[in-house]
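Chain by chain, the residues:
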Amino acid sequence: MNNRFLDACWGKPVDRVPVWLMRQAGRYLPDYMRVRSKCTFLELCKTPELAAEVTIQPVDILGVDAAILFSDILTPIEPMGMELDFVPGPVFAKPIRTMADVEALKIPKMETDVPYVLDAVKLLRKELAAKVPLIGFGGAPFTLACYMVEGKGSKDFAALKKMMYAESDVYAALMDKITTMDMEYLNAQIKAGAQAIQIFDTWGGMLSPADYERYVLPYTQRLINGLDRTNVPVIHFVKGAGTMLEIVKEAGGDVMGLDWHVNLGKARDILGDMPVQGNLDPTVLFAPNEIIEREVKRVLAENAGRPGLIFNLGHGILPTVPPEKAIFMVDCVHRLTQK
Ligand code: 1CP
């Protein structure tokens, strides 16, 4: 069993720096497209054998040190009572706008409402046994609220921010319900066998540090505090958090995910002993190999040999990246850090 990833999450020394890529399963891989061409995205998420197959693809193709469950942050929102489609981005038929909408949301029974997620985790633990650890994941309450209120992706999520400022009681009730759901969802993944959890707060960095502290931090903190974390590290990734790392750190978690807007060494100076994950600009994978290698070296130099580094991109891999470039990047990290 390759334990480098989990060891690095706990800040332990490793024989070489572990690496995986956010969104490492998906449309940039022809093998994924082959599976995906026979069903919809949601069918893929809801069929444990297929979800497991595409989860393992990048482990075999890229040689990464961890697998991440194939699903979506919005999977558990559908059984809250919100009709969901992917086109390919998520679209909710009826977004949340009023207190009555919030009150109508259900807290799913994970074993019966999202059995396919838990079955995929169990199946993957069997299939991955001799390979790498399995990361489970969920969206942070704020990022989930962004999609639930807006109804789809957006540049500024103005509908959600309007609710946050102008109808703060509705916002608080919604965030509270999402946090409760999220805690049960992630604990169910842990119980099923997930060996680490990543919380994706893709849009948390859209707020000022003061608003993050007021409107996001209390919920993510309650979520992380409520997870059954013994032996299961929690990676907290807030995209755009570079200017407020000391506040985001208060949410808890074992590893801080970093995007590429921050110098990894300076971030580590602020975070102290806390392990970090990141933070190559995903578009570097469009560069010639010499430049990919130069940028990997730069990030490693910023880390300056400190333990507790998980190498990753600063956000998800883009669907137009040639797989050979991702393979080259993973190999660079391993080759340049081998003890
Ligand atoms: O047709 C398809 O194949 C759908 C494309 C797709 C895929 C492959 C979507 C729709 N989601 C996913 C998988 C997915 N989503 C994974 C598992 C893959 C892996 O990591 O190996 C994960 C971890 C996510 C998480 C996710 N979904 C996030 C957080 C991470 C991030 O990238 O910021 C977010 C914001 C989403 C929403 C979402 N789902 C899909 C899309 C295209 C989007 C973004 C929508 C937008 O805001 O524009």
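See the structure shown above.
Residues numbered from 1 in each chain as written. Predicted model: local features only at pLDDT ≥ 70, side-chain atom pairs only at ≥ 80, totals over all residues. Heavy atoms only, no water.

A. Structural detail: the pattern of salt bridges. Following the criterion strictly, the structure yields 15 salt bridges and no others. Among the ionic pairs, aspartate 7 bridges to lysine 12, the shortest N-O distance being 4.0 Å. By relative accessible area, which is 23% here, aspartate 7 ends up partly exposed. Note on lysine 12: relative accessible area 43%, which makes it partly exposed. Arginine 298 is paired through a salt bridge with glutamate 295; the nearest N and O atoms lie 2.7 Å apart. Of the two residues, arginine 298 and glutamate 295 are both situated in helix α15 (residues 289–303); the distance of three residues between them amounts to about one turn of the helix. Under the relative-accessibility criterion, glutamate 295 is labelled buried at 12%. Three or more residues are tied together by salt bridges with common partners; here these are Glu293, Lys297, Asp331 and Arg335. (Salt bridge = Lys/Arg side-chain N within 4 Å of Asp/Glu carboxyl O. Buried < 20%, exposed > 50% of the residue type's maximum accessible area, 1.4 Å probe, protein only. Helix = DSSP H or I, 4+ residues; strand = E, 2+ residues; numbered from the N terminus.)

B. Broad picture of helix α10 (residues 168–192). Across its 25 residues, α10 extends 36 Å between first and last C-alpha, which sits within 8% of the 36 Å expected from 1.5 Å per residue. Of the residues trailing α10, glycine 193 is marked for its positive phi of about 130°. (Expected span 1.5 Å × (residues − 1).)

C. Spatial organisation of the sheet that holds strand β5 (residues 196–201). In spatial order, the strands read β1-β4-β5-β6-β7-β8-β9; together these seven strands make up an open sheet with parallel pairing. Both outer strands of the open sheet, β1 (67–68) and β9 (309–313), are each paired with one neighbouring strand and no more. Where β5 lies against strand β6 (residues 234–238), five bridges are found, and the strand directions are parallel. Bridging from a neighbouring strand, isoleucine 199 pairs with histidine 236 of β6. (Pairing = 2+ DSSP bridges.)

D. Seen up close, unusual backbone geometry. Cis geometry marks the peptide bond from valine 87 to proline 88, where omega comes out at 0°. Note on placement: proline 88 falls in the loop between β2 (84–86) and β3 (90–92). Here the bond from glycine 278 into asparagine 279 is cis, since omega is -10°, no more than 30 degrees from zero. Within the element layout of this structure, asparagine 279 appears in strand β8 (residues 276–280). Positive phi outside glycine occurs at arginine 23, with the angle close to 60°. Tracing the backbone shows arginine 23 in the loop between α1 (4–9) and α2 (30–36). One non-glycine residue, alanine 304, lies in the positive phi region at around 55°. Structurally, alanine 304 is set in the loop between α15 and β9.

E. Structural context of the site of the ligand. In the vicinity of the ligand lie 23 residues, with Arg23, Tyr32, Tyr147, Thr202 and His315 positioned nearest. At 2.7 Å from an oxygen atom of the ligand is found a side-chain nitrogen or oxygen belonging to arginine 23. Protein chains bury 89% of the 890 Å² of accessible surface belonging to the ligand in isolation. The cavity where the ligand resides is the largest pocket. Class assignment for the residues of the shell around the ligand results in 13 nonpolar, six polar and four charged. (Near = heavy atom within 4 Å. Polar contact = N/O pair within 3.5 Å; in protein donor to acceptor, adjacent residues only side chain to side chain. Areas by Shrake-Rupley, 256 points an atom, 1.4 Å probe, with all protein chains shown as cover. 1 Å grid on protein atoms, 1.4 Å probe; cavity = no way out; pocket = protein on both sides within 12 Å on 5 of 7 lines; lining within 4 Å. Sits in = over half its atoms within 2 Å of the grid points. Nonpolar A, V, L, I, M, F, W, Y, C, P; charged D, E, K, R; others polar.)

F. Highlighting the pairing of β8. Most of β8 is tucked away: five of the five residues are buried. As paired elements, strand β7 (residues 255–257) and β8 share two bridges and run parallel to each other. Among the inter-strand pairings, glycine 257 is bridged to a residue of β8, identified as glutamine 277. Taken together, β7, helix α14 (residues 264–271) and β8 constitute a β-α-β crossover, and its handedness is right-handed. Note: β8 against β9, five bridges, orientation parallel. Looking across to β9, one finds that glycine 278 is bridged to phenylalanine 311. Read from β8 through α15 to β9, the crossover connection turns out right-handed. (Right-handed = clockwise from strand over helix to strand, strands pointing away.)

G. Focus on the nonpolar core. Counting residues in hydrophobic clusters, the biggest one holds 135 residues, and the most contacted among them are Phe5, Leu21, Met148, Tyr171, Leu174, Phe311 and Met329. A total of 12 residues in this core trace back to one element, the largest contributor, which is α10. In this structure methionine 329 touches Val19, Leu21, Leu280, Leu285, Ile292, Val296, Phe311 and Leu313, once residues within four positions along its chain are discounted. (Core = buried A, V, L, I, M, F, W, Y, C linked by side-chain atoms within 4.5 Å. Contact = heavy atoms within 4.5 Å.)

H. Local environment of the layout of surface pockets. As a volume, the largest pocket reaches approximately 940 Å³. Along its surface, the largest pocket is lined by 35 residues, and Arg23, Arg27, Phe41, Ser71 and Asp72 are the ones closest to its centre. In the lining of the largest pocket, the residues fall into 21 nonpolar, nine polar and five charged. In this structure, the second largest pocket encloses a volume near 240 Å³. If you trace the second largest pocket, you find 14 residues lining it, with Val17, Asn303, Gly305, Arg306 and Lys339 closest to the centre. (Points joined across faces, edges and corners; volume = space filled by probe spheres on them.)

I. Summary view of the side chain of aspartate 182. Of note, aspartate 182 is situated in helix α10. Buried charged residue aspartate 182 carries no salt bridge. Nearest counter-charge: arginine 222, at 9.7 Å. Apart from residues lying up to four places away in sequence, aspartate 182 is in contact with Gly139, Ala140, Pro141, Leu144 and Leu223. (Lys, Arg positive; Asp, Glu negative; His and termini not counted.)

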